Amino acid sequence: MDDLTVTFVDRGRVQADRNFVVDGHSVATASDRDPEHEYETYVVWNLIVETPEMTILWDTGSHPEAGDGYWPTPLYEAFAHVDAEEHALPADLEDAGYSIDDIDAVVMSHLHLDHAGGLHNFAGTDVPIYVHREELPYAYYSANTDDGSIAYLASDFDRDLNWEIVHGDSYHLTDGVELLHLPGHTPGLMGAFIDRPARPLLVVGDEAYVEANYAGQSMATSLLWNNGAWKESLERCRDRQRATGAEVLLGHDLAVFEDVSGTAD
């Protein structure tokens, strides 16, 4: 579509052991019982998709108080969003030339705390918040019981929000924007195929944190809801890329984000 644009919004840096991101990256063996671990830096990002019908915000990033006790200590110890306080959503949108009031719709790829932490900015408004049917109940179940995933915080999404439920494997949001159900990381993870004028953009998101995941190396078990579903979703993404020649945007790979967004030095 000639009148569709995508703006990339850098929402800061998360630091974590690569073993969380690439399963078994550094393991002890009989001859090397004390292997070195790689503590790496990853990116949190959002997108603003401008179409003739609507201005869409993709995800909302971390809560700005993530490092000040808002995130539970065990989670922050594992995935430290070290500059969250410098990346409140309204300020980052302003840097990109937008405001909260410019957003007509929000698409939540999923409701983990590094993606749903800015939803409070839309509480009490009529802005539709798109989420997959399989994600919302699992998020509430996880946040309010000892089962499920520990990466959901009820305070992020248990608010007066105008939920719009996405069903099925593919959902036409507006001309040029197709939402894709990619279960595996979570039950309701969504990606997107965005038909940009020069080259389509395939938003893989947290289906693949980094390039090694996209190549087939899974994330740690703690980051996968269902490994079999993850593999099927990965093949679906690869098939779409091969068929369309789309550029691929991964979940947290800093180098890939800088390359795709054009911000690399």
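Predicted model, so just to flag it, every value in this text is computed and none were measured.

Thresholds, definitions, all that
Residues numbered from 1 in each chain as written. Predicted model: local features only at pLDDT ≥ 70, side-chain atom pairs only at ≥ 80, totals over all residues. Heavy atoms only, no water. Helix = DSSP H or I, 4+ residues; strand = E, 2+ residues; numbered from the N terminus. Buried < 20%, exposed > 50% of the residue type's maximum accessible area, 1.4 Å probe, protein only. Pairing = 2+ DSSP bridges. 1 Å grid on protein atoms, 1.4 Å probe; cavity = no way out; pocket = protein on both sides within 12 Å on 5 of 7 lines; lining within 4 Å. Points joined across faces, edges and corners; volume = space filled by probe spheres on them. Nonpolar A, V, L, I, M, F, W, Y, C, P; charged D, E, K, R; others polar. Arc of directions from axis to C-beta. Contact = heavy atoms within 4.5 Å.

Further remarks concern unusual backbone geometry. For Asp59, which is not glycine, the phi torsion reads 65° and is therefore positive. By the element assignment, Asp59 lies in the loop between strand 3 (55–58) and helix 2 (73–78). Using a relative accessible area of 2% as the deciding quantity, one classes Asp59 as buried.

Looking now at the sheet that holds strand 7 (residues 162–166). One key point about sheets: their strands pair by backbone hydrogen bonds, in either a parallel or an antiparallel sense. Within the open sheet, the seven strands sit side by side as 4-1-2-3-5-6-7. Their pairing is mixed. Every other strand in the sheet has two partners, leaving strand 4 (80–81) and strand 7 as the edge strands with one partner each. Looking at chain direction, strand 3 and strand 5 (residues 105–107) are connected through three bridges and run parallel. Directly across from Ile56, in strand 5, lies its bridge partner Ala105.

Once that is clear, we can look at empty space enclosed by the protein. For the structure on display, the rule yields two cavities of 30 Å³ or more. Here the largest cavity is characterised by a volume of approximately 50 Å³. Every residue along the wall of the largest cavity is listed here: Trp45, Trp58, Asp59, Ser109, His115, Met190, Val203, Gly205, Asp206 and Gly251. When the residues that make up the lining of the largest cavity are grouped by side-chain class, the tally is four nonpolar, four polar and two charged. Considering only enclosed or pocket space, the second largest cavity measures out at about 30 Å³ in volume. Val49, Ile56, Trp58, Val107, Leu173, Val177, Leu179 and Ile194 together form the lining of the second largest cavity. Mapped onto the lining of the second largest cavity, the elements with two or more residues apiece are strand 3 and strand 9 (177–181).

This next bit is on helix 9 (residues 254–261). For helix 9, the full list of buried residues reads Val256, Phe257, Val260 and Ser261. All buried residues of helix 9 fall inside an arc of 115° around its axis, so they share one side. The exposed set on the far side of helix 9, more than 90 degrees from its buried face, consists of Ala255 and Asp259. Where helix 9 is buried, its residues contact strand 1 (5–17), strand 2 (39–50), strand 11 (201–205), helix 7 (211–214) and strand 12 (247–250). Where helix 9 terminates, the next one or two residues include Gly262, which has phi positive at roughly 75°.

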